[in-house]
Amino acid sequence: MKMASELGLEGIQLDIGSYERGFPLSRPSIQKAYVEYAKKYNITITSLAVRELDRHGMTRKDGTMEKKIAVEAILKAISALKNK
């Protein structure tokens with residue numbers, strides 16, 4: 001957030017993170033830290049990306065791990081945004 005502010009940005013898009021790392025931005029403690037730093041540096045969090053869909057698309061067959069990851073990523077992102 002500090003760097004974004006120093007670069008003159010007013011807003012940023014965050015990413016929910018990877019499946020392998022447990023979708024970090026779905027964790028309340030990490031969300032809280034981002035919100036606190038955004039306020040501190042006057043940055044607006046404009047959106048939340050789900051980049052895992054670049055690797056694990058919704059068009060995968062039901063029952064595959066790729067489809068499971070895609071659905072989980074979307075559900076975690078929705079849940080994270082509901083809390084804000």
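Residues numbered from 1 in each chain as written. Predicted model: local features only at pLDDT ≥ 70, side-chain atom pairs only at ≥ 80, totals over all residues. Heavy atoms only, no water.

*Asks:* Now, about the nonpolar core: what can you tell me, with residues and values included?
*Replies:* With 15 residues, the main nonpolar core has Met1, Ile12, Leu14, Ile16 and Leu48 as its most contacted residues. If you list the elements that add at least two residues to this core, you get strand S1 (11-15) and helix H3 (65-82). The dominant element in this core, judged by the number of residues it contributes, is H3, at four residues. Those residues in contact with isoleucine 16, other than ones at most four positions away along the chain, are Phe23, Pro24, Leu25, Ser26, Leu48, Ala49, Val50, Lys76, Ala77 and Ala80. (Core = buried A, V, L, I, M, F, W, Y, C linked by side-chain atoms within 4.5 Å. Buried < 20%, exposed > 50% of the residue type's maximum accessible area, 1.4 Å probe, protein only. Helix = DSSP H or I, 4+ residues; strand = E, 2+ residues; numbered from the N terminus. Contact = heavy atoms within 4.5 Å.)

*Asks:* Go over the pairing of S1 with me, naming the residues and quoting the values.
*Replies:* Every second residue of S1 is oriented toward a common face, the buried set being Ile12 and Leu14 and the non-buried set Gly11, Gln13 and Asp15. The sheet contact formed by S1 and strand S2 (residues 44-49) spans five bridges and is parallel. The residue of S2 that forms the bridge with glutamine 13 is serine 47. (Pairing = 2+ DSSP bridges.)

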